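# Remarks on the overall topology
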Amino acid sequence: MCEKWRQKLHIEPPHGWLNDPNGLCWFNGKYHVFFQYSPDSANGGGRKCWGHFESPNLLRWDFVGTAFFPDIPEDRDGVYSGSAIIVNDTMELFYTGNVKESGDHDYITSGRGANVIRVSSKDGRSFSEKRVLLRNSDYPEYCSCHIRDPKLWEKNGKYCMILGARTLSDEGCVLIYESDNLDEWRFEKKISVPGFGYMWECPDMFDMGGQRLLSVSPQGLTHTEYANQNVYSSGYFRVNGDSLGDFEEWDYGFDFYAPQTFCAPDGRRILIGWMGIGDIPYTNPTVTLGWQHCLTLPREITVSNDGAVLQNPIRELELLRSGEFTVSDSECKRVAPPFELYGEINGSFEINFDNSAALSYDGKIFRLEFTNDNVGCGRTVRNCTIEKCGNIRVIADMSSLEIYLDGGRKVLSTRFYPENKSVNLCARGIFLKGWNLNGMEVNIIGE
Ligand code: FRU
């Protein structure tokens, strides 16, 4: 089987389909990454489960198997997205049990059950029975049946839970609940922005640099040349009391959605997204090989002195650097992924991959453009406005590029499918330093 597009740095399923990261946490000396997993089909059909990876260091990832199958009436049509919270040496997982009733339904205003379900684990591998905590009748009456993706945190001795939702008047919003014991939940409030999409998925809320951020993945935003270019979007608002600041996108590339954050034991806030989106007009040729999609690299979130939210690949990645190389104006270079590139920016430049994908900057607009459809597979152009961009860092894995601009002020993620195992790199107007990255294949130790 041709495995040239198997990622070496990124979490991807052994077979089948992956979407959102779920239940991210550090527990009992290990990082845990669960994910939306359809083991039966690379196109996402069949059972929707939670797959499970563990890592000692955020670099080596072991697939330890399928943690949850849809096997109770309240999650029979999908163990949908959710999160983890560690309480008293127990991993507490909360997710949405999706149910589709048979009959004549639109599955928006009727026919869909959205249950908040809790599971506990003492060892991160074996799980308690599933306990249903909230059902459709427990949500505010203005909600449609699209309510899902619980994310939890603890604040001032109370537990908070945020859910993504769609109202009956097609307004995207989040619902916030509170609890003293993780079992009984009181509805606190709804937060929304009028006219900003019909559904908000996969919410998250956390404090960063003295500022509260609300992260959501809205569906139904207006697409423009420089904003919300993808079918569905993903970004964050600054929260001030009950009002929200401007929406800032997490990522301007073709493939990014449904991120979730968690805290590493050293206090770093780490974000992992799905390097994919639903309902896209482009494709991933790994489908014919039996799998589709991966997660992004873990990114550390920080706030700059001027208040900008920055995303950078976790610093552990630097441990994988081996051979150093350079790419300058005069010479192209063949390099085998995975590798990393770094360059200081002085005005306009272009970096070209195999004459198939170009990264360029004109002093105001950064552009990611595919010129060979065999490599882009339907991906065309993505733009991002950035003034005074000081530097660029690129992490290239076997079939993805992650581009961090100006110390992580703007990020673009994309899948790309090079024809050979090495890539011909050419640069104009920029001097690039590069490192081979000692990529580690994902270990499969469970099924
Ligand atoms: C986002 C999402 C979530 C849902 C899950 C189902 O990609 O639609 O809202 O829980 O995927 O797989």
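Calculation notes
Residues numbered from 1 in each chain as written. Predicted model: local features only at pLDDT ≥ 70, side-chain atom pairs only at ≥ 80, totals over all residues. Heavy atoms only, no water. Domains from an automatic or database assignment. Contact = heavy atoms within 4.5 Å. Buried area = accessible area lost by both parts, 1.4 Å probe. Salt bridge = Lys/Arg side-chain N within 4 Å of Asp/Glu carboxyl O. Polar contact = N/O pair within 3.5 Å; in protein donor to acceptor, adjacent residues only side chain to side chain. Helix = DSSP H or I, 4+ residues; strand = E, 2+ residues; numbered from the N terminus. Nonpolar A, V, L, I, M, F, W, Y, C, P; charged D, E, K, R; others polar. Pairing = 2+ DSSP bridges. Axes fitted to C-alpha atoms, helices over the stretch in contact; angles between N-to-C directions. Near = heavy atom within 4 Å. Areas by Shrake-Rupley, 256 points an atom, 1.4 Å probe, with all protein chains shown as cover. 1 Å grid on protein atoms, 1.4 Å probe; cavity = no way out; pocket = protein on both sides within 12 Å on 5 of 7 lines; lining within 4 Å. Sits in = over half its atoms within 2 Å of the grid points. Disulfide = S-S within 2.5 Å. Buried < 20%, exposed > 50% of the residue type's maximum accessible area, 1.4 Å probe, protein only. Points joined across faces, edges and corners; volume = space filled by probe spheres on them.

### Description of the domain arrangement of the protein chain
Along its sequence, the protein chain is organised into domain 1 (16-313) and domain 2 (315-444). Inter-centroid distance (C-alpha atoms) of domain 1 to domain 2 is 28 Å. The interface of domain 1 with domain 2 comprises 41 residues on the first partner and 36 residues on the second. Carbon and sulfur atoms make up 55% of the area that domain 1 and domain 2 hide from each other, which totals about 3500 Å². It is Leu59, Phe254 and Pro313 that lose the most area in domain 1 upon contact with domain 2, and together they represent 21% of the buried surface on that side. Run the count over domain 1 and domain 2 and you get 4 salt bridges. Close ionic contact of Asp306 with Arg409 constitutes a salt bridge, the shortest N to O distance being 3.1 Å. Remark: the boundary between domain 1 and domain 2 carries 22 residue pairs in polar contact (both at pLDDT 80 or more). Those elements that place two or more of their residues in the side of domain 1 that touches domain 2 are strand 4 (62-68), strand 21 (299-303) and strand 22 (309-313). Ranked by the residues each element gives to the side of domain 1 that touches domain 2, the list is headed by strand 22, at 5 residues. Among the residues forming the side of domain 1 that touches domain 2, the class breakdown is 19 nonpolar, 12 polar and 10 charged.

### Considerations on the environment of Cys294
Tracing the chain through its elements places Cys294 in the loop between strand 20 (291-292) and strand 21. The spacing of Cys294 and Arg135 is 159 residues in sequence and 31 Å in space, taken between C-alpha atoms. Filtering out sequence-adjacent residues up to four positions away, Cys294 remains in contact with Gln7, His10, Ile11, Glu12, Leu18, Trp274, Met275 and Arg415.

### Overview of the sheet that holds strand 31 (residues 400-405)
Strand order in the open sheet made by the 6 strands is 23-34-25-30-31-32, with antiparallel pairing throughout. Each edge of the sheet is formed by a strand with only one pairing partner; in this case those strands are strand 23 (321-327) and strand 32 (410-415). When strand polarity is set aside, the average angle formed by the axes of neighbouring strands in this sheet is 15 degrees.

### So, the site of the ligand
Neighbouring residues of the ligand: Asn19, Asp20, Gln36, Lys48, Tyr80, Ser81, Arg148, Asp149, Glu201, Tyr257 and Trp274. Within the contact set of the ligand, an oxygen atom lies 2.6 Å away from a side-chain nitrogen or oxygen of Gln36. Contacts to the ligand include Asp149, whose side-chain N or O atom sits 2.5 Å from an oxygen atom. Summarising the interface, the protein chains cover 89% of the accessible area of the ligand, which totals 320 Å² for the free molecule. Among the detected pockets, the ligand sits in the largest pocket. The set of elements that each furnish at least two residues to the shell around the ligand consists of strand 1 (16-27), strand 5 (79-87) and strand 9 (143-155). Residue composition of the shell around the ligand, grouped by class: 3 nonpolar, 3 polar and 5 charged.

### Observations regarding the sheet that holds strand 18 (residues 257-263)
Read across the open sheet, the 4 strands follow the order 18-19-21-22; overall the sheet is antiparallel. Two strands close off the open sheet at either side, each with one partner strand: strand 18 and strand 22. Going across the sheet, the axis of each strand differs from the next one's by a mean of 35 degrees, ignoring polarity. Of the strand pairs in this sheet, strand 21 and strand 22 are connected by 5 bridges, and their pairing is antiparallel. By the bridge assignment, Glu300 is partnered in strand 22 with Asn312.

### Topic: the state of the cysteines
Working definition: the covalent bond between the sulfur atoms of two cysteines is a disulfide. Evaluation of the coordinates by the stated rule reveals 1 disulfide. Cysteine Cys160 shares no disulfide, and the gap to the nearest cysteine sulfur, in Cys263, comes to 14 Å. On the basis of relative accessibility, which here comes to 7%, the residue Cys160 falls in the buried class. This cysteine, Cys173, is not joined by any disulfide, and Cys143 carries the nearest cysteine sulfur, 5.5 Å off. The exposure class of Cys173 is buried, given its relative accessible area of 0%.

### Considering unusual backbone geometry
What you tend to see is this: most non-glycine residues have negative phi, and most peptide bonds are trans. Residue Pro337 is joined to Pro338 through a cis peptide bond whose omega torsion reads 0 degrees. Assignment of secondary structure puts Pro338 in the loop between strand 24 (333-335) and strand 25 (339-344). In this model, Asp279 sits at a positive phi of 55 degrees, which is unusual for a non-glycine residue. Turning to its location among the elements, Asp279 is positioned in the loop between strand 19 (269-274) and strand 20.

### Observations concerning the layout of surface pockets
In this model, the largest pocket occupies a volume close to 560 Å³. As for the largest pocket, its lining consists of 25 residues, and the residues nearest its centre are Asn19, Tyr80, Arg148, Glu201 and Gln219. Mapped by element, the contributors of at least two residues to the lining of the largest pocket are strand 1, strand 5, strand 6 (90-100), strand 9 and strand 13 (199-208). Residues of the lining of the largest pocket, tallied by class, amount to 7 nonpolar, 9 polar and 9 charged. There is about 410 Å³ of room inside the second largest pocket. In this structure, the second largest pocket is lined by 20 residues; those nearest its centre are Ala84, Ile85, Leu152, Trp153 and Cys263. Contributing elements (two or more residues each) for the lining of the second largest pocket: strand 1, strand 5, strand 9, strand 13 and strand 18. A class-by-class count of the residues in the lining of the second largest pocket yields 12 nonpolar, 2 polar and 6 charged.

### Section: the pairing of strand 26 (residues 349-353)
Of all the 5 residues making up strand 26, 4 are buried; the element is thus mostly covered by neighbouring parts of the structure. Alignment of strand 26 against strand 27 (residues 357-361), held across 5 bridges, turns out to be antiparallel. From the neighbouring strand, Asn352 faces strand 27, where its bridge partner is Ala358. Here strand 26 folds back onto strand 27, and the loop between the two strands holds 3 residues, one of which, Asp354, carries a positive phi near 55 degrees.

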